[in-house]
Amino acid sequence: MRNKLLAIAAIAGAMSAPIAAQAQSDTVGVVRGSSSVIVNDDVGGIAVDQRPAFREYIVRERVPPYTIPDRVIVGGVLPEAGITYYDVPQTYSATPYRYTVVNGQTVLVEPRTRRIVQVVE
């Protein structure tokens, strides 16, 4: 009986290990009750050291901001119509994503799904 319990515990542990590992590697989310957004820096977006220059680029280009009623969070999906998406210049990153400015925040978006993958702060 004791061996069966140990075997079941070992199997359950082995099955939950990939889930636990995935949960640890995902740093995308929102802190409830706060305006803080945790951004996954491993998405192939704008590197930390390039963000100040990229923000200056956005200001120089005078990218029009869009306003949506929802909070801007990583994983959120932007509306299908009414927002223009722009290519990220090669200077900042060779990324498959597009950028736009929503609710005063520059975001990288997966173009097919319009899902926010990075809030560039």
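Shown above is the structure to which this text applies.
Residues numbered from 1 in each chain as written. Predicted model: local features only at pLDDT ≥ 70, side-chain atom pairs only at ≥ 80, totals over all residues. Heavy atoms only, no water.

A. Main features of the overall build of the chain. Along the chain, the regular secondary structure elements total 2 helices and 7 strands. Relative to its full complement of 121 residues, the chain shows a buried share of 31%. Considering only contacts in the chain between residues 6 or more positions apart, those separated by 24 or more positions represent 56%. Here the chain has roughly 8,000 Å² of accessible surface; of this, 55% comes from carbon and sulfur atoms. (Helix = DSSP H or I, 4+ residues; strand = E, 2+ residues; numbered from the N terminus. Buried < 20%, exposed > 50% of the residue type's maximum accessible area, 1.4 Å probe, protein only. Contact = heavy atoms within 4.5 Å. Areas by Shrake-Rupley, 256 points an atom, 1.4 Å probe, with all protein chains shown as cover.)

B. Representation of the side chain of T100 in the model. Its location among the elements puts T100 in strand β5 (residues 98-102). Of the residues examined, T100 reaches a relative accessible area of 0% and is grouped as buried. Within the structure, the side chain of T100 is placed 2.9 Å from the backbone oxygen of T84, a separation counted as a polar contact. Those residues within four positions of T100 in sequence are excluded, and the remaining contacts are Y66, L78, I83, T84, Y85, Q105, T106, V107 and V109. (Polar contact = N/O pair within 3.5 Å; in protein donor to acceptor, adjacent residues only side chain to side chain.)

C. Representation of the pattern of salt bridges in the model. The full count for this structure, using the stated rule, is 2 salt bridges. Across the pair R98 and D87 runs a salt bridge whose closest N-O atoms are separated by 2.7 Å. Here R98 is found in strand β5, whereas its partner D87 is found in strand β4 (residues 86-87), with 11 residues between them in sequence. A relative accessible area of 52% places D87 in the exposed class. R112 is paired through a salt bridge with E110; the nearest N and O atoms lie 3.7 Å apart. Overall, R112 belongs to the exposed group, its relative accessible area being 72%. (Salt bridge = Lys/Arg side-chain N within 4 Å of Asp/Glu carboxyl O.)

D. Structural context of unusual backbone geometry. Within the chain, R62 stands out as a residue other than glycine whose phi angle is a positive 55°. In this fold, R62 is placed in the loop between α2 (51-61) and β3 (65-66). With relative accessibility at 74%, the residue R62 sits in the exposed group. With phi around 65°, R114 is a residue other than glycine that occupies positive phi space. Mapping R114 onto the fold places it in the loop between β6 (105-110) and β7 (115-120).

E. Region of interest: the side chain of Q118. Inspection of the secondary structure assignment puts Q118 in strand β7. Accessibility expressed as a relative area gives 0% for Q118, which makes it buried. Engagement of the side chain of Q118 in a polar contact is seen with the backbone nitrogen of I46, the distance being 2.9 Å.

Any functional reading would require information beyond the geometric quantities listed.
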